[in-house]
Amino acid sequence: MNMLDLAVLATQEIDPKGNQSIGWLPGLYVLGLCIIVGLLLWSFTKMAKKARQPWEGEDETPRKPEDDSTP
């Protein structure tokens with residue numbers, strides 16, 4: 001690195017190795033997005049379980065293709 005590169009890095013307060021904390025606000029955004037994704041996955045699994053249950057008036061045993069008799 002030459003002297004100009006070091007001067008630019010010093011004024012911008014950037015670690016030459018790339019190690020820099022993300023800060024509070026972006027960290028809160030990431031945490032919020034993780035919580036939202038978790039809630040969406042929980043809701044999806046809840047609805048998937050509900051969709052697998054039989055509807056009102058429907059048999060609880062699944063029908064098999066060989067149960068159908070064709071004339």
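Here we summarise the structure given alongside this text. (Residues numbered from 1 in each chain as written. Predicted model: local features only at pLDDT ≥ 70, side-chain atom pairs only at ≥ 80, totals over all residues. Heavy atoms only, no water.)

1. A look at the overall build of the protein chain
To keep things clear, this is the line we draw: Working definition: helices are DSSP H or I runs of at least four residues, strands are E runs of at least two. Numbering for both runs from the N terminus. Any residue under 20% of the maximum accessible area for its type is buried, any over 50% is exposed, and the rest in between are partly exposed; the area is computed with a 1.4 Å probe on protein chains only. For the accessible areas, the method is Shrake-Rupley and the probe is 1.4 Å, while residue cover comes only from the protein chains on display.
In terms of regular secondary structure, the protein chain is built from two helices and zero strands. Here the protein chain, with 71 residues, has 1% of them falling under the buried criterion. Only carbon and sulfur atoms are counted for the fraction: they give 64% of the accessible area of the protein chain, which is about 7400 Å².

2. Points about a nonpolar patch on the surface
Where we set the bar: Distance thresholds for patches are 9 Å for like charges and 5 Å for nonpolar side chains (Val, Leu, Ile, Met, Phe, Trp, Tyr), applied to residues having over 30% relative accessible area and no salt bridge. Should a side-chain nitrogen of Lys or Arg be within 4 Å of a carboxyl oxygen of Asp or Glu, the pair is scored as a salt bridge.
Taken together, the side chains of Leu28, Leu31, Ile35, Leu39 and Trp42 make up a nonpolar region of the molecular surface, amounting to roughly 560 Å² of accessible area. Here Leu39 lies in helix 2 (residues 24–52). Of the residues examined, Leu39 reaches a relative accessible area of 53% and is grouped as exposed.

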